[in-house]
Amino acid sequence: MHIPDGFLSTPVWAAMNLAAAPSVAYLARRAQREIDDSRIPALGVMGAFVFAAQMINFPVGLGTSGHLLGSALLAVTLGPAAASIVMTAILVVQALVFQDGGVLALGANVFNMAVAGVAAAYLPYRLWNSGKFRNPAIFLGAFLSVLAGAVLAVAELLLSGVRMGQTVLGVSLGLFLVTAVLEGVITVAVIRSLEAMRPNWVRAPDSSGRLVLGALAGAAILLAVVGVLVASADPDGLESLAERAGIAARARNLFTTPLADYQLRGFGADWLGKAAAGLAGLVAITATTLVLGKLIARRRGA
């Protein structure tokens with residue numbers, strides 16, 4: 001769902017950058033209520049886990065794949081404002097280091113996934129986060145987070161003059177719906193697993209839950225190193241839409257990085273290059289989110 005450069009018109013990507021910047025600044029101030037020193041490790045580990053999970057594409061049909069977005073998972077565990085900051089950090093690292101998502105289109109991707117996606121994910125959980133409705137609320141939030149990001153991305157493409165026939169649009173939205181359902185199932189399963197290890201950690205993810213933090217860190221490493229072996233090579237929903245709409249060739253990069261496409265060049269085996277890139281990404285995401293967490297916690301203390 002990462003929009004590359006070349007898909008959006010200048011007025012659209014510029015407007016989305018103008019919308020995203022103050023939104024993230026506001027959420028950073030709001031995050032001071034959700035982040036203190038004891039919760040900083042959770043930011044790093046959750047950010048690394050979501051980054052690693054996003055690397056693993058799974059088939060959703062018609063030669064198209066999807067992957068975990070993670071907005072709901074972050075919102076439920078970290079709180080909505082902190083989740084937006086962590087998701088923004090992930091998107092920035094993906095764009096600048098791995099060329100996954102455009103630099104000029106970064107504002108659109110941040111707004112779609114880190115702002116609107118997190119808000120859509122958190123609303124059902126905020127309303128029904130207790131009793132028998134809790135798991136359905138988590139599922140619904142995850143489902144809506146994918147749809148919110150997808151609908152906004154499609155709207156931005158349409159505003160940029162991209163022509164989509166009814167068939168192309170219908171097929172693409174159907175595939176996004178399948179991805180949204182799988183997002184809900186995976187999110188509920190992960191939350192339930194975390195609560196099985198430490199029941200109160202999800203509601204208060206502090207550093208005392210070392211078992212949970214260790215399990216998440218181990219899972220992130222496993223996904224980055226081993227998960228890439230089973231990941232689908234099919235294009236994701238947005239890439240598939242671009243191919244059907246005839247705009248795939250418009251994608252361009254403003255610069256080249258050594259870790260482009262999650263592949264570290266110079267390794268004899270393709271898997272080793274992907275695993276090395278994944279591990280480098282885990283380090284980058286963890287370091288970035290820990291630094292952001294410390295800065296926000298320091299401002300809270302001040």
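Keep in mind that what you see is a predicted model, and the values were worked out from it rather than measured.

Novice: How should I be thinking about the overall build of the protein in this particular structure?
Specialist: Helix and strand counts for the protein stand at ten helices and two strands. Starting at the N terminus and ending at the C terminus, the protein contains elements arranged as α-α-β-β-α-α-α-α-α-α-α-α. Taking 2.2 N^0.38 as the reference for a compact globule, 302 residues should give roughly 19 Å; the C-alpha atoms of the protein span a radius of gyration of 18 Å, in line with that estimate. Summarising its shape, the C-alpha atoms of the protein cover approximately 50 × 45 × 40 Å along the three principal directions. In the protein, which comprises 302 residues, the share counted as buried stands at 51%. The contacts in the protein between residues at least 6 apart in sequence include a share of 79% that link residues at least 24 apart. Here the protein displays about 13,000 Å² of accessible surface, and carbon together with sulfur accounts for 64% of that area. Measuring between centres, the 21 positive side-chain charges of the protein sit 10 Å from its 15 negative side-chain charges.

Novice: Could you clarify how one ought to interpret the environment of Thr77 in this entry?
Specialist: Residue placement: Thr77 occurs in helix α3 (residues 71–78). Other than its neighbours up to four places away in sequence, Thr77 contacts Met46, Ile191, Leu194, Trp201, Val202 and Pro205. A polar atom in the side chain of Thr77 sits 2.8 Å from the backbone oxygen of Leu73. Of the polar contacts made by the side chain of Thr77, one reaches the backbone oxygen of Leu74; its length is 3.3 Å.

Novice: How do you make sense of α3 when you look at a structure like this?
Specialist: Along an α-helix, residues three or four positions apart point the same way, because every turn accommodates 3.6 residues. In terms of burial, α3 is a largely internal element, eight of the eight residues being buried. Turning to α3, its buried residues are Ser71, Ala72, Leu73, Leu74, Ala75, Val76, Thr77 and Leu78. Elements in contact with the buried residues of α3: α2 (40–54), α4 (80–97), α5 (106–127), α6 (134–159) and α7 (166–197). One or two steps after α3, the chain reaches Gly79, where phi turns positive at roughly 100°.

Novice: Explanation requested: the pattern of salt bridges in the structure shown.
Specialist: Summed over all chains, the structure comprises one salt bridge. With a closest N to O distance of 2.5 Å, Arg134 and Glu195 form a salt bridge. A residue pair is termed long-range when its members are at least 10 positions apart, and Arg134 in helix α6 and Glu195 in helix α7 qualify at 61 residues. Glu195 matches Arg134 in its accessibility class, with the two residues each being buried.

Novice: Where do I start with the packing of aromatic side chains in this structure?
Specialist: The geometry of two aromatic rings is summed up by the distance between their centres and the angle between their planes. Evaluated as defined, the whole model comprises five aromatic pairs. Each ring, one from Phe51 and one from Phe98, has its centre 5.5 Å from the other, and the planes form 40°; the classification is tilted. You can see Phe51 sitting in helix α2 and its partner Phe98 sitting in the loop between α4 and α5, a full 47 residues away along the chain. A relative accessible area of 0% means that Phe51 is categorised as buried. Residue Phe98 is classed as buried on the basis of its relative accessible area of 1%. When the centroid spacing of 6.0 Å and the interplanar angle of 55° are considered together, the rings of Tyr122 and Tyr125 count as tilted.

Novice: I'm lost on the pairing of strand β1 (residues 58–61) in this one. Help?
Specialist: Two faces make up the sheet, and in a regular strand the side chains alternate between them. One ladder, built from three bridges, connects β1 with strand β2 (residues 64–66); its direction is antiparallel. Each bridged residue has a counterpart across the sheet, and for Phe58 the counterpart in β2 is Gly66.

Novice: Can you walk me through the nonpolar core in this structure?
Specialist: Side chains of nonpolar character tend, in soluble globular proteins, to be buried together. By size, the foremost hydrophobic cluster in this structure holds 84 residues, and its most contacted members are Leu157 and Trp201. With residues up to four places along the chain from it excluded, the contact list for Leu157 reads Phe7, Leu8, Val162, Met164, Leu238, Leu241 and Ile247.

Novice: I would appreciate a short explanation of the environment of Leu241 in the present structure.
Specialist: Turning to its location among the elements, Leu241 is positioned in helix α9 (residues 237–245). On the basis of relative accessible area, Leu241 is assigned to the buried category, the value being 1%. Separated by 46 residues in the primary sequence, Leu241 and Glu195 have C-alpha atoms spaced 37 Å apart.

Novice: Help me understand the packing of helix α1 (residues 10–30) against α4 in this model?
Specialist: Relative orientation and spacing of two packed helices are given, respectively, by the angle between their axes and the distance between those axes. For the pair α1 and α4, interaxial distance at closest approach is 8 Å and the crossing angle is 130°. Looking at the two axes, α1 sits oblique to α4. Our pair here, α1 against α4, has a crossing hand that is left-handed. The residues of α4 that touch α1, namely those facing Val24, Leu27, Ala28 and Arg30, are Ala81, Ser84, Ile85 and Thr88.

Novice: What exactly am I supposed to notice about unusual backbone geometry here?
Specialist: Most of the time, phi is negative for any residue but glycine, and the peptide bond is trans. Even without glycine at this site, Asp261 takes up a positive phi of about 60°. Counting through the fold element by element, Asp261 comes out in the loop between α9 and α10 (270–301). The exposure class assigned to Asp261 is exposed, which follows from its relative accessible area of 51%. One non-glycine residue, Tyr262, lies in the positive phi region at around 55°. Residue placement: Tyr262 occurs in the loop between α9 and α10. With a relative accessible area of 15%, Tyr262 lands in the buried category.

So, how was this worked out
- Residues numbered from 1 in each chain as written.
- Predicted model: local features only at pLDDT ≥ 70, side-chain atom pairs only at ≥ 80, totals over all residues.
- Heavy atoms only, no water.
- Helix = DSSP H or I, 4+ residues; strand = E, 2+ residues; numbered from the N terminus.
- Rg over C-alpha atoms; globule rule 2.2 N^0.38 Å.
- Buried < 20%, exposed > 50% of the residue type's maximum accessible area, 1.4 Å probe, protein only.
- Contact = heavy atoms within 4.5 Å.
- Areas by Shrake-Rupley, 256 points an atom, 1.4 Å probe, with all protein chains shown as cover.
- Lys, Arg positive; Asp, Glu negative; His and termini not counted.
- Charge placed at Lys NZ, Arg CZ, Asp CG, Glu CD.
- Polar contact = N/O pair within 3.5 Å; in protein donor to acceptor, adjacent residues only side chain to side chain.
- Salt bridge = Lys/Arg side-chain N within 4 Å of Asp/Glu carboxyl O.
- Phe/Tyr/Trp six-rings, centres within 6.5 Å; stacked < 30°, edge-to-face > 60°.
- Pairing = 2+ DSSP bridges.
- Core = buried A, V, L, I, M, F, W, Y, C linked by side-chain atoms within 4.5 Å.
- Axes fitted to C-alpha atoms, helices over the stretch in contact; angles between N-to-C directions.
- Parallel < 35°, antiparallel > 145°, perpendicular 65-115°, else oblique.
- Left-handed = near helix turned anticlockwise from the far one by under 90°.

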